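Listed below are the residues making up each chain.
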Amino acid sequence: MAEHDPEPPPGGNSFAGRFDAFCERLNRVLEVVIALLLAATVIVALAQVIFRYGLDSSLSWSEELARYLFIWVIFLGTSSATRRHHHMAVEALASIMPGVALRPLAAVVTLVSLVFFGVVLYTSIVLTENAIPQLSTALEISVAYVYVAAPIGVALTMVHLLNQLMQIAGGRSVAPHQAEIS
Amino acid sequence: MTALALLLCGFLVLLILGAPIAVAMGLSAAIAVLFGTNVPLVIIGQRMLVILDSFTFLALPFFVIAGLLMEKGGITKRLVDFAALFVARITGGLGQVVIAANLAMSGASGSATADCAATGTVLIPALSRAGYSPAFAAALTAAASTLGAILPPSVLFVIYGAITNTSIGRLFLGGVIPGLIMAAYLFVATYIIAKRRGYPKPPVFTWAETWSITLHALPALLMPVIVLGGIVGGVFTPTEAGAVAAAYAFFLSLFVYREIKWPDVIPLLAQAATFTAAVMLIVSASEPFGWVLARERVTDALTAEFAAFTNHTWIFLAAVNIVLFLFGIFFEPVPLLIVMTPVLMPLLAQYHVDPVHFGVMITLNMTLGLIHPPVGLSMFIVCKIARISIWEFTREIWPFLLALILALLVITYVPQTVLFLPNLIGP
């Protein structure tokens, strides 16, 4: 419970500080969801092998379900990658910039990211609406259930980007981009 | 032409600013579509979504999960111990262990930097304690970890295969001999350096130790057998093989070696998912970018330019290698592969280059970008582990870098090194 927390959130009790703490909690919950979705994807792919060889009867829906779960993992994972600064970028300029220029640079990068994800949000909402009457071939569910992952994941991503913009404006740390695995 | 100018200028400016590569590609494509064409903007989202609906790309998170589990679940440790049995008595013994360990590791994990971190944390301190200079240990670890990207399974081969519709099974097989060539060259370089500097030989293992280490490593050694055997034998697709590898690594780490507990599983899966999302976002954003390029007939123009420039295959391959090596100074292999592959693919037919050979070649080339200064992810990882400066690293990496460039030359100009195995037993 936040009330019993002996330490104040890292950003203090200002609105920006509380918003950052909210984003952190939001991301923690989301990461559990993503992990479970990915686990489900592995299980579905395994089931596909087991049914084909062990039980000698191929599943008709397993590949489609795995692909659809994957799309959800990607878009929800994009918001988590944004929160954790895991998107790959070329850091040559930032590394030779003087310290004072880093904050404006980070602000510009966050702003253009917001514009890009804004475009994806708008276009994916249009596509999701168009997809409502389309049924998938194997599962025969509306394709909109799959496509809607895009606007949801992108909207969450934009929340994290807005938060980062607020933290930059408030003079808090500007975390560098870093990919862990390659 | 306005669309093309907008696309390229937008892309370069965003890239130099340090925007995420996916944002640079996607936003420049959106600007080009909006201000340079009459096509509705919705094409951006459409192209981005279509490419993600892919069972092939699903192999990516599966092999990433397997690699993470191996590192944290004690599988790596067993493989490193086992590798030491074979090379410990050779000059520069512990140094050779680094190479052998990466050889063993990469048979089951799919990523160079994951192998680098995994073997580095175990071996760099061990080498330093045994009297090797930390900078040498760091450079060798970084160089040897490139094997992870070439020996199957390989995350980069999955990405290349999925983008180009090249058989991932054939790519995996194609990486085997090149990986062994790289290992052999690194082996010789280590031998020469160790002999010159008089690095010590580690103590010999007793029979009891040998037996115990082998027994503990056996379940881990089954992993590459299952993965490669399954794909080559046509038992399952590369994606299914990834799921089986992830499940087997999960079983080993949780129930056999017991170095992972249930609460560790969720963060590990989340880490794999986050990495996958970061990669797939670039794949996704490269689609509208490539769509504008194709609409403006850039690939056609490039093909014509190249045809006018040379009709010799060897010059074409040299040009590709030089350009990619230069790009590798600034780009990580994953985004570089996603950006460059669609541009280069249309050129292969006119120079009669096999896509499997080409894929292995460019993957090896881009992987070298991980280990050479001024920037390189593996370089940063080992410098951090060994607590050395980039400068100290640079002085030690060059013999290994030369060895790997030599391997790249051999693989570039002797296509049989790549194609022999897939043609022999290809799926």
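Just so you know, these numbers come straight off a predicted model, no measurement behind them.

What counts, and at which threshold
Residues numbered from 1 in each chain as written. Chains lettered and ligands numbered in written order. Predicted model: local features only at pLDDT ≥ 70, side-chain atom pairs only at ≥ 80, totals over all residues. Heavy atoms only, no water. Helix = DSSP H or I, 4+ residues; strand = E, 2+ residues; numbered from the N terminus. Buried < 20%, exposed > 50% of the residue type's maximum accessible area, 1.4 Å probe, protein only. Contact = heavy atoms within 4.5 Å. Areas by Shrake-Rupley, 256 points an atom, 1.4 Å probe, with all protein chains shown as cover. Rg over C-alpha atoms; globule rule 2.2 N^0.38 Å. Lys, Arg positive; Asp, Glu negative; His and termini not counted. Charge placed at Lys NZ, Arg CZ, Asp CG, Glu CD. Expected span 1.5 Å × (residues − 1). Polar contact = N/O pair within 3.5 Å; in protein donor to acceptor, adjacent residues only side chain to side chain. Buried area = accessible area lost by both parts, 1.4 Å probe. Salt bridge = Lys/Arg side-chain N within 4 Å of Asp/Glu carboxyl O. Phe/Tyr/Trp six-rings, centres within 6.5 Å; stacked < 30°, edge-to-face > 60°. Lys NZ or Arg CZ within 6 Å of the ring centre and 35° of its normal. Axes fitted to C-alpha atoms, helices over the stretch in contact; angles between N-to-C directions. Parallel < 35°, antiparallel > 145°, perpendicular 65-115°, else oblique. Nonpolar A, V, L, I, M, F, W, Y, C, P; charged D, E, K, R; others polar. Left-handed = near helix turned anticlockwise from the far one by under 90°. pLDDT = per-residue confidence, 0-100.

1. Looking at the overall build of chain A
Along chain A, the regular secondary structure elements total six helices and zero strands. Of the regular secondary structure in chain A, the N- to C-terminal order runs α-α-α-α-α-α. Taking all 182 residues of chain A together, 47% fall into the buried category. When contacts within chain A are restricted to residue pairs at least 6 apart in sequence, those whose partners lie at least 24 apart make up 76%. Roughly 9100 Å² of accessible area belongs to chain A as shown, and the carbon and sulfur atoms make up 66% of that amount.

2. Considering the overall build of chain B
If you tally the helices and strands in chain B, you get 22 helices and zero strands. For chain B, whose C-alpha radius of gyration is 22 Å, the value lies close to the compact-globule estimate of 22 Å for 427 residues. Considering only C-alpha atoms, chain B reaches an extent of 75 × 45 × 45 Å along its principal axes. Residue burial in chain B is summarised as follows: out of 427 residues, 61% are buried. Taking the contacts inside chain B whose residues are at least 6 apart along the sequence as the reference set, 79% of them involve residues at least 24 apart. Working note: accessible area of chain B is about 15700 Å², and carbon and sulfur atoms make up 70% of it. When the 18 positive and 16 negative side-chain charges of chain B are each reduced to one mean point, those points stand 11 Å apart.

3. Quick word on helix α6 (residues 149-169) of chain A
Compared with the 30 Å implied by 1.5 Å per residue over 21 residues, the 30 Å span of α6 of chain A between its first and last C-alpha is a close match. Phi for Gly-171 of chain A, located one or two positions after α6 of chain A, is positive at around 80 degrees.

4. Some thoughts on the environment of Arg-197 of chain B
Residue and element names in this part refer to chain B. Note that Arg-197 resides in helix α12 (residues 176-197). With relative accessibility at 41%, the residue Arg-197 sits in the partly exposed group. Note: C-alpha distance between Arg-197 and Tyr-132 (65 residues apart in sequence) is 9.3 Å. Those residues in contact with Arg-197, other than ones at most four positions away along the chain, are Ser-133, Phe-136 and Glu-396. Side-chain polar atoms of Arg-197 contact the side chain of Glu-396, separated by 3.2 Å.

5. Brief notes about the interface of chain A and chain B
Listed as interface residues are 57 residues of chain A and, on the opposing side, 65 residues of chain B. A buried area of about 5300 Å², summed over both sides, lies between chain A and chain B, and 80% of it is on carbon and sulfur atoms. Between chain A and chain B we count two salt bridges in total. Two residues, Arg-67 of chain A and Asp-53 of chain B, come together in a salt bridge whose shortest N-O distance is 2.6 Å. Sorting the residues of the side of chain A that touches chain B by element identifies α1 (15-54), α2 (62-83), α3 (92-96) and α4 (99-131) of chain A as the ones contributing at least two each. With 15 residues, the top contributor of residues to the side of chain A that touches chain B is α1 of chain A.

6. Thoughts on the packing of aromatic side chains
Residues and elements named next belong to chain B. Counted by the stated rule, this structure contains 18 aromatic pairs over all chains. Relative to Phe-255, the ring of Phe-251 lies with its centre 6.0 Å away and its plane at 50 degrees, an arrangement referred to as tilted. Taken together, the positions of Phe-251 and Phe-255, both in helix α14 (residues 238-256) and four residues apart, correspond to about one turn of that helix. With relative accessibility at 42%, the residue Phe-251 sits in the partly exposed group. Classification of Phe-255 as partly exposed rests on a relative accessible area of 42%. Each member of the aromatic cluster is reached from another via a ring pair, and the members are Phe-306, Phe-309, Phe-316, Tyr-351 and Phe-358. Cation over ring: Arg-78 sits above Tyr-257, and NZ or CZ is 4.2 Å from the ring centre.

7. Thoughts on the pattern of salt bridges
Residue and element names in this part refer to chain A. On inspection of all chains with the given rule, the structure shows 13 salt bridges over all chains. Put simply, Arg-83 and Asp-20 hold a salt bridge, and the shortest N to O gap is 3.1 Å. With Arg-83 in helix α2 and Asp-20 in helix α1, this pair connects stretches of sequence that are 63 residues apart. For the residue pair Arg-83 and Asp-20, the accessibility class agrees, reading buried in each case. Because the salt bridges share partners, they merge into one network encompassing Asp-20, Glu-24, Arg-28 and Arg-83.

8. With respect to the side chain of Thr-119 of chain B
All names here are of chain B. By the element assignment, Thr-119 lies in helix α7 (residues 112-129). Thr-119 gets classed as buried once you look at its relative accessible area, which sits at 0%. Those residues in contact with Thr-119, other than ones at most four positions away along the chain, are Thr-76, Val-80, Ala-101, Asn-102, Met-105, Ile-124 and Thr-141.

9. Some details on the side chain of Thr-128 of chain A
Mapped onto the elements of the fold, Thr-128 of chain A is located in helix α4. In contact with Thr-128 of chain A, not counting residues within four places along its chain, are Ala-144, Tyr-147, Val-148 and Pro-151 of chain A.

10. Structural notes on the packing of α12 of chain B against helix α22 (residues 416-425) of chain B
Residues and elements named next belong to chain B. Where α12 contacts α22, the two axes come as close as 7 Å, and the packing angle between them is 135 degrees. For the element pair α12 / α22, the angle class is oblique. Only Thr-417, Val-418, Phe-420 and Leu-421 of α22 make contact with α12, whose side of the interface consists of Val-176, Ile-177, Pro-178 and Ile-181. Classifying every residue of the contact of α12 with α22 by side-chain character gives seven nonpolar, one polar and no charged.

11. Observations regarding the packing of α7 of chain B against helix α20 (residues 377-386) of chain B
All names here are of chain B. Contact pair α7 / α20: the axes reach a minimum separation of 10 Å and the direction vectors enclose 20 degrees. Of the possible angle classes, the one that applies to α7 and α20 is roughly parallel. Considering only the axes of α7 and α20, their crossing is right-handed. Touching Thr-113, Cys-116, Ala-117, Gly-120, Thr-121 and Ile-124 of α7 are Leu-377, Ser-378, Ile-381, Val-382, Ile-385 and Ala-386, all from α20. Tallied by class, residues from the contact of α7 with α20 come to eight nonpolar, four polar and no charged.

12. Details of the confidence of the model for chain B
For chain B, the average pLDDT comes to 88, and 97% of its residues sit at 70 or higher. Note on the complex model: pTM 0.87, ipTM 0.89.

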